[in-house]
Amino acid sequence: MNIADELAVPAKEELDHALQIADHVDYLGGMPAVTPKSVKTSEKEAEMLRFDLENEKDTIRNYRRRVKQAEELNEFAIAESLRGILVQEQDHRTALATALGIDPPNPGIAD
Ligand SMILES: [Fe+2]
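What comes next concerns the included structure. Think of each chain on its own: its residues are numbered from 1, step by step along the sequence as written. Only residues with pLDDT of at least 70 are given local features in this predicted model, and only at 80 or more are side-chain atom pairs given and counted; all residues enter the totals for whole chains, interfaces and linings. Note that water and hydrogens are dropped before the side-chain values are worked out from all heavy atoms of the structure.

### Here's the deal with the overall build of the protein chain
Elements are defined by DSSP. Helices are runs of H or I of four residues or more, strands are runs of E of two residues or more, and each kind is numbered from the N terminus. Along its length, the protein chain carries three helices and zero strands. Listing every helix and strand of the protein chain by position from the N terminus yields α-α-α. Dimensions of the protein chain along its principal axes, counting C-alpha atoms only, are 45 × 25 × 20 Å. In the protein chain, which comprises 111 residues, the share counted as buried stands at 27%. Within the protein chain, counting contacts between residues at least 6 apart in sequence, those at least 24 apart form 68% of the total. Counting every atom, the protein chain has about 7,700 Å² of accessible surface; 54% of that belongs to carbon and sulfur. When charges are tallied, Lys and Arg are placed among the positive residues and Asp and Glu among the negative ones, while His and the ends of the chain are skipped. For the purpose of locating charges, the reference atoms are NZ of Lys, CZ of Arg, CG of Asp and CD of Glu. When the 13 basic and 22 acidic side-chain charges of the protein chain are each reduced to a single mean position, those positions are 7 Å apart. Using a 1.4 Å probe on the protein chains alone, a residue whose accessible area is under 20% of its type maximum counts as buried, one over 50% counts as exposed, and one in between counts as partly exposed. Contacts were defined at the residue level, with two residues in contact if any of their heavy atoms lie within 4.5 Å. Computed with a 1.4 Å probe, the accessible areas rest on the Shrake-Rupley method; for each residue, only the protein chains presented here act as cover.

Now the structure itself:
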């Protein structure tokens, strides 16, 4: 498996998510954070996939919380948009877990 090719589609989706989130932040009158999280790297392909899977798990956990928060604010359109992102993030999680030969981890929901 060529990892770069496998990650090309999710990478484009992640960029699209960032643009959607920036629109939501702008709509809400906020300011997007500009400090990215540090990125773990490894020379070992399986370890890189595990790092990516951990990030997807954290991302899903956080989006689940954001959907609830958007609904609590009656921002149903934003909640719907976030649900679409969540569907893709869950697909990313499943693809990575499948590549690693493990069950997709349950992310839970952020506090
Ligand atoms: Fe993702």
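After that view, the rundown keeps rolling.
### Quick look at the packing of helix H2 (residues 45-72) against helix H3 (residues 76-100)
Where H2 meets H3, the closest approach of the two axes is 9 Å, and the angle between their N-to-C directions is 160°. In terms of orientation, H2 and H3 fall into the roughly antiparallel class. At the point where H2 passes H3, the crossing takes the left-handed sense. Each residue gets one label: Ala, Val, Leu, Ile, Met, Phe, Trp, Tyr, Cys and Pro are nonpolar, Asp, Glu, Lys and Arg are charged, and the others, such as Gly, are polar. Partitioned by chemical class, the residues of the contact of H2 with H3 number 17 nonpolar, three polar and nine charged. Lines fitted to the C-alpha atoms define the axes, with helices restricted to the stretch that makes contact. Angles between their N-to-C directions range from 0 to 180 degrees. What sets the label is the angle itself: under 35 degrees gives roughly parallel, over 145 gives roughly antiparallel, 65 to 115 gives roughly perpendicular, and the rest give oblique. What makes a crossing left-handed is the near helix being turned counterclockwise from the far one by less than a right angle; a clockwise turn instead makes it right-handed.

### Brief notes about the nonpolar core
Ile-60, Tyr-63, Val-67, Ala-70, Ile-78, Ala-79, Leu-82, Ile-85 and Leu-86 together form the largest nonpolar core, which totals nine residues. Secondary-structure elements contributing two or more residues to this core are H2 and H3. Tallying contributions element by element places H3 first for this core, with five residues. In contact with Leu-82, not counting residues within four places along its chain, are Ile-21, Tyr-63, Arg-66, Val-67 and Ala-70. Residues enter a nonpolar core if they are buried and are Ala, Val, Leu, Ile, Met, Phe, Trp, Tyr or Cys, with the set joined through side-chain atoms within 4.5 Å. Core analysis: the next-biggest nonpolar cluster, separate from the first, contains five residues, Ile-3, Leu-49, Leu-96 and Leu-100 among them.

Everything listed here is a matter of geometry and, on its own, says nothing about what the molecule does.
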